[in-house]
Amino acid sequence: MPADSPPETGVTELIQRLLDSPAPPPRVSEMGRVKEVADGVAIVTGLTSALADEVLAFASGVRGIVFDLEPGRLGVVLLGPTEKVAPGESVRRTHRVIGVPVGAALLGRVVDPTGRPRDGQGPLDATHDRPIESPAPGILDRRAVSRPLATGIRAVDAAVPVGMGQRELIIGDRQTGKTSIAVDAILNQRDTGVHCIYCAIGQRGDAVAKVVGAIREGGMMARTVIVAAGDEDVPGLVHIAPYAAMSMAEAFAARGHDVLLVLDDLTHHARAYRELSLLLRRPPGREAFPGDIFFIHARLLERAGQFGEGRGSITALPVVETQAENLSAYIPTNLISITDGQIYLSPRLVRRNQFPAVDLGVSVSRVGGKAQARAFRKVAGNLRVTLSQFEELEDFARFGTRLDEDTRARLARGAAVRTALRQPERDPMPAAEQLAILLAAMEGLLDGLDEARALRAMARVRDAVAGDDSGLAASIAADEPLTDELRAAVLDRARHAIGPAEGEGDDADA
């Protein structure tokens, strides 16, 4: 506008230009109303075209997911505080299904199931979203489980091995060490390149903080995503948490990465789903769970596996809690039938101070044995038989019966093998060190040693193998069988590490 023209002229021209411009196309927005509100759910009317799993926006700012589609009404699961939603409030469609941010920007972060940061480190830089629900890959898109995923835990890697792409259930009563097994498996991936996702489902905030601290201290936080839905969150967030974590894992696997996914735990997930279902008046079934409780866990865990065509793998370690060792409860039996085996942690072993409390008589791996290193198979092949025979003899010996030399020798061997399976938490062990300790125990080098001396001897064997140049670690990595020469070399090194040191310790004590 010229400087000498009156200001009114410019304003008039601008108004005329706006009047002459074409009108913007009308925006049609489908609106509904809240009819009822309960704890974590709402009943909405008026949205006749809404889709399943579509996100709805409430006038109060809370978001929800379409859960039930019924004539004239929608059952909506809320993803925010229930007290902010009031009957009569307006609701609009977003025309988007529920999704979560994915990609490398999530590594090292703590987020909620919708991708919002919970670690105070600022917003995410994720550029891609992925729906939390997706169909499981078909048979032709999968490959056989053939590579081991080492957990660093002797009792697991030797007797209940896990393969990449496997679904191995961790099951046991409260306070038996289920989370410790999962966290140690994450920490053992420090030098493997495996990406890890820990999904806390209905856990207390302090419990999640301990896990985050352990992963950070173990040097794995840079390759780990923490998805947290605490017990203080609404049931809707708890319900979508494992699906969001699985979508994050699928995004990494699509880029060729191997992913370890821990779901801790699906007992809380099942209870949250039961709560939502009963509030939405779905018919209750066994133990008040709705009939589709099996389906929600099956469709989740079926998305894990070993994939082909340049894709990686998703190894799932779901956790489930039992009560009073009741493995026949509804949710545990469901998950046992869905997964490829279970690691059972026994409270009786906890009372005996046997940690990790893995009960090898109940634990099983239906797939991982095919992916176990051949050196491990040769050493640990008789591990279960040795322990089961030892436990039978131990129960018999408690009657005070006089035992012959052979029975006493078998008791000593079994006690040594059981001690060799003890391992402190947050101390995952390389495969070569595990193999050397197990070989020393199975060959009788720890027979007759009390617990304290046996633990010292195992520490010396571990130190001796850590600086070993015999090629044991390379042989395991190459999946070569344990040759007689290598076996003799490992035993000789273990014998030198145990014998003189223990003898000197006895002389000093004397």
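What you see is a predicted model; the values in this text were computed from it and never measured.

Structural notes on the layout of surface pockets
The volume enclosed by the largest pocket comes to roughly 1100 Å³. As for the largest pocket, its lining consists of 42 residues, of which Ala 150, Asn 188, Met 429, Pro 430 and Ala 431 are closest to the centre. Considered class by class, the residues forming the lining of the largest pocket number 23 nonpolar, seven polar and twelve charged. A domain-level breakdown of the lining of the largest pocket finds at least three residues from each of domain 2 (101-371) and domain 3 (377-498). Its boundaries defined by the atoms lining it, the second largest pocket holds a volume of some 860 Å³. What lines the second largest pocket is a set of 30 residues, and nearest its centre among them are Gln 175, Gly 177, Lys 178, Thr 179 and Ser 180.

Remarks on a nonpolar patch on the surface
On the surface, Val 11, Ile 15 and Leu 19 cluster together into a nonpolar patch covering about 300 Å² of accessible area. Looking at the secondary structure, you find Ile 15 in helix H1 (residues 7-20). On the basis of relative accessibility, which here comes to 47%, the residue Ile 15 falls in the partly exposed class.

Concerning the packing of helix H3 (residues 178-187) against helix H4 (residues 205-217)
To describe two helices that pack against each other, one gives the angle between their axes and the distance between the axes. Packing of H3 against H4 leaves a shortest axis separation of 10 Å and a crossing angle of 25°. With respect to H4, the axis of H3 lies roughly parallel. Along this stretch, H3 crosses H4, giving a crossing that reads as right-handed. Seen from H3, the contacting residues are Thr 179, Val 183, Ile 186 and Leu 187; seen from H4, they are Val 211, Ala 214 and Ile 215. In the contact of H3 with H4, the residues fall into six nonpolar, one polar and no charged.

Scoring rules and cut-offs
- Residues numbered from 1 in each chain as written.
- Predicted model: local features only at pLDDT ≥ 70, side-chain atom pairs only at ≥ 80, totals over all residues.
- Heavy atoms only, no water.
- 1 Å grid on protein atoms, 1.4 Å probe; cavity = no way out; pocket = protein on both sides within 12 Å on 5 of 7 lines; lining within 4 Å.
- Points joined across faces, edges and corners; volume = space filled by probe spheres on them.
- Nonpolar A, V, L, I, M, F, W, Y, C, P; charged D, E, K, R; others polar.
- Domains from an automatic or database assignment.
- Patch = residues over 30% accessible without salt bridge, like charges linked within 9 Å, V, L, I, M, F, W, Y side chains within 5 Å.
- Areas by Shrake-Rupley, 256 points an atom, 1.4 Å probe, with all protein chains shown as cover.
- Salt bridge = Lys/Arg side-chain N within 4 Å of Asp/Glu carboxyl O.
- Helix = DSSP H or I, 4+ residues; strand = E, 2+ residues; numbered from the N terminus.
- Buried < 20%, exposed > 50% of the residue type's maximum accessible area, 1.4 Å probe, protein only.
- Axes fitted to C-alpha atoms, helices over the stretch in contact; angles between N-to-C directions.
- Parallel < 35°, antiparallel > 145°, perpendicular 65-115°, else oblique.
- Left-handed = near helix turned anticlockwise from the far one by under 90°.
- Contact = heavy atoms within 4.5 Å.

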